[in-house]
Amino acid sequence: MKVLVIGGGAREHALCRSLSLDPDVTALHCAPGNAGIAEVAELHTVDALDGAAVADLAQRLEAELVIVGPEAPLVAGVADAVRERGIPVFGPSAQAAELEGSKAFAKDVMAAAGVPTARSYLCTTPAEINEALDAFGAPYVVKDDGLAAGKGVVVTEDVEAARAHALACDRVVIEEFLDGPEVSLFAVTDGETVVPLQPAQDFKRAHDADQGPNTGGMGAYSPLPWADPKLVDEVMRTVLQPTVDELRRRGTPFSGLLYAGLAITSRGVRVIEFNARFGDPETQVVLARLRTPLSALLRAAATGTLASLPPLRWSDDAAVTVVVAAHNYPGTPRTGDPIGGLTDVAEKDAPGAYVLHAGTKRDDATGEVVSAGGRVLSVTATGGDLAAARERAYRAVGRLTLDGSHHRTDIAARAAGES
């Protein structure tokens, strides 16, 4: 089939890489893409938030499946526009995508579905903010109600920092702190059937030992050797299926990728947040382990035929992703710096390790690949266990050069028994 992927980050590069290895994919297109995606897909220019423009491009390319990667186009209704043209699309409607677009909407759905989550207050005034902060106490968890590219959440012991973040938001959700390790679990759904993928864990803080500000994610790994083997079944029963059923009951069925961010607390599994698309950087490690052809899975979700799909097949290998970020990320990043070592990794480390591009572009004047965003590269590696995958990933990271860049050195270290 002919496939069009919308987006231009490392998540989309991971999707395009898997699709490029899929024997059922006869033509692969991406809009707008990046310098790395250009090596496996034909790139096109499009305003990813313009549903009509995306639908026009899909028609022109005779795409038989459109995959919408980022959250902003989904909330803007891009999947609806493509669906209205009769083209199968992987991604929820604008109404269903409010599960990510509004923290308050997600809390309402969870309450109706009986899904376990943190107690919370929706605040719109300074008085409500002060009341909520007082009610929960430290550590304070403050979430912008709208989309914030993974950086709208502040978790702090400092009440003034919590208050400042809350006051900077139009609407803010303040909730109780959830103790325990965090897990990301993706599920593919057609609005009725739910197919869970393998769990992963990501690292939100900018620096080693979970220090520094929250980011969009500095690395990830899968599988989770410390997790209860029954975790996926429990989350399916208590979180994913009830949420999909509730959205269908409301007349806004959710078709696409439902991402549950979970805390494994002393009182059981609790939902931290939902996303309406593949998470970044967890996608990189989950797809590195998936053996079922990706196009068949996503098309089944897009066409309502997931129930007839055979069980997913997975590699026993572990996967680790390390994010290389630009100078000053997650603040305003410096861009335009040349990236070195990409050929070295391709020649010396593949196929056990490879580089997925996040914020990159090719400089028109020099032909060099340069940085074009905060998270610049996702170095992904597989191995017989987490220790082997970690060693391969960091060896590849060591070959790369990007002036002023930074990365965490402890991704998956504890899970691999190294710290």
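Placed above this text is the structure.
Overview of the structure. From a predicted model like this one, the values you see are computed outputs, not experimental measurements. (Residues numbered from 1 in each chain as written. Predicted model: local features only at pLDDT ≥ 70, side-chain atom pairs only at ≥ 80, totals over all residues. Heavy atoms only, no water.)

Core analysis: the largest hydrophobic core is formed by 76 residues, its most contacted members being L4, V66, L240 and V320. Ranked by residue count, the leading element in this core is helix α9 (residues 231-249), at eight residues. Leave out the neighbours within four places in its chain, and L240 touches L185, A187, V194, V235, L258 and A260. Residues V25, L197, A288 and L290 belong to the second largest nonpolar core, which totals 40 residues. (Core = buried A, V, L, I, M, F, W, Y, C linked by side-chain atoms within 4.5 Å. Buried < 20%, exposed > 50% of the residue type's maximum accessible area, 1.4 Å probe, protein only. Helix = DSSP H or I, 4+ residues; strand = E, 2+ residues; numbered from the N terminus. Contact = heavy atoms within 4.5 Å.)

It is worth spelling out the sheet that holds strand β17 (residues 268-275) at this point. Adjacent strands of a sheet form backbone hydrogen bonds with each other and so pair up, either parallel or antiparallel. With antiparallel pairing, four strands are arranged side by side in an open sheet as β11-β10-β16-β17. Strand pairing shows two members of the sheet lacking a second neighbour, β11 (194-196) and β17, which therefore form its edges. Taking the axes of each pair of neighbouring strands and ignoring which way they run, one obtains an average angle of 35° across the sheet. Pairing of strand β10 (residues 182-189) with strand β16 (residues 256-265) involves eight bridges; the strand directions are antiparallel. The partner of T189 across the bridge, within β16, is G256. Strands β10, β11, β16 and β17 of the sheet are contacted by α9, whose axis makes an angle of about 125° with β16. (Pairing = 2+ DSSP bridges. Axes fitted to C-alpha atoms, helices over the stretch in contact; angles between N-to-C directions.)

Here we come to the sheet that holds strand β15 (residues 219-222). If you walk across this open sheet you meet the five strands as β12-β15-β18-β22-β19, and the pairing is antiparallel. Unpaired on one side and paired on the other, β12 (201-202) and β19 (353-357) mark the two borders of the sheet. Sheet analysis places β15 next to strand β18 (residues 318-325), joined by four bridges and oriented antiparallel. By the bridge assignment, A220 is partnered in β18 with T321.

As a general feature of sheets, a regular strand has side chains that alternate between the two faces. Of all nine residues that make up strand β22 (residues 375-383), nine are buried, and the element is covered over most of its length. In this structure, β18 lies alongside β22, joined through eight bridges in antiparallel fashion. Paired with V324 across the two strands is L377, which belongs to β22. Strand direction decides the pairing type here: β19 and β22, joined by five bridges, are antiparallel. Opposite L356, over in β22, you have S378 as the bridge partner.

Bringing helix α10 (residues 282-289) into the picture now. Counting buried residues in α10 gives eight out of eight residues, a clear majority hidden from the surface. For α10, the complete set of buried residues consists of E282, T283, Q284, V285, V286, L287, A288 and R289.

This part takes up the environment of T265. Along the chain, the position of T265 falls in strand β16. Put simply, T265 and G77 are 188 residues apart on the chain and 35 Å apart in space, counted from C-alpha to C-alpha. Apart from residues lying up to four places away in sequence, T265 is in contact with L178, D179 and R270. Within the local environment of T265, its side chain forms a polar contact with the backbone oxygen of G268, the two atoms lying 2.6 Å apart. (Polar contact = N/O pair within 3.5 Å; in protein donor to acceptor, adjacent residues only side chain to side chain.)

The next subject is the packing of aromatic side chains. Both the distance between ring centres and the angle between the ring planes are used here to describe each pair of aromatic rings. Using the criterion set out here, one finds five aromatic pairs in the structure. When the centroid spacing of 5.4 Å and the interplanar angle of 45° are considered together, the rings of Y121 and F136 count as tilted. Of the two residues, Y121 sits in strand β6 (residues 120-123) while F136 sits in helix α7 (residues 126-136), which places them 15 residues apart along the sequence. Within the aromatic cluster, the residues linked to one another by ring pairs are F90, F186, Y259 and F278. One residue, R17, lies across the ring of Y354, its end atom 3.6 Å from the ring centre. (Phe/Tyr/Trp six-rings, centres within 6.5 Å; stacked < 30°, edge-to-face > 60°. Lys NZ or Arg CZ within 6 Å of the ring centre and 35° of its normal.)

A word on helix α5 (residues 94-101). By the burial criterion, the buried members of α5 are A96, A97, L99, E100 and G101. Where the residues of α5 are buried, they touch α3 (71-75), α6 (103-113), α9, β16 and β17.

What follows is about the pattern of salt bridges. Throughout the structure, instances matching the rule amount to 26 salt bridges. Linking R408 and D210 is a salt bridge whose minimum nitrogen-to-oxygen distance equals 3.1 Å. Placement of R408 in the segment after α13 (386-397) and of D210 in the loop between β13 (205-207) and β14 (211-214) is noted, with a sequence separation of 198 residues between them. Among the ionic contacts, a cluster of salt bridges with common partners joins D108, E246, R249 and R250. (Salt bridge = Lys/Arg side-chain N within 4 Å of Asp/Glu carboxyl O.)

As for its position among the elements, T283 is in helix α10. For T283, a relative accessible area of 0% gives the class buried. Looking at T283, its side chain comes within polar contact range of the main-chain oxygen of G279, at 2.4 Å. With near-sequence residues (within four places) excluded, T283 lies in contact with R11, A14, F186 and F278.

The next thing to look at is unusual backbone geometry. Residue P32 is reached from A31 by a cis peptide bond, and omega for that bond is 0°. With an omega dihedral of 0°, the bond running from S222 to P223 counts as a cis peptide bond. Looking at the element boundaries, P223 is found in the loop between β15 and α9. At A209, a position not held by glycine, the phi torsion is positive, near 60°. Within the fold, A209 resides in the loop between β13 and β14. Its relative accessible area of 55% is what places A209 among the exposed residues.

Let us look at the environment of Q211. Structurally, Q211 can be placed in strand β14. Apart from the residues within four sequence positions on either side, Q211 is in contact with R205 and A206.

Before going further, it helps to examine the packing of helix α1 (residues 10-20) against α10. Relative to each other, α1 and α10 sit at 15°, their axes nearing to 8 Å. Taken together, the axis directions place α1 and α10 in an arrangement best described as roughly parallel. As for the relative orientation of α1 and α10, their crossing is left-handed in sense. In this structure, α1 contributes A10, R11, A14, L15 and S18 to the contact, and α10 contributes T283, Q284 and L287. Grouping the constituent residues of the contact of α1 with α10 by class yields four nonpolar, three polar and one charged. (Parallel < 35°, antiparallel > 145°, perpendicular 65-115°, else oblique. Left-handed = near helix turned anticlockwise from the far one by under 90°. Nonpolar A, V, L, I, M, F, W, Y, C, P; charged D, E, K, R; others polar.)

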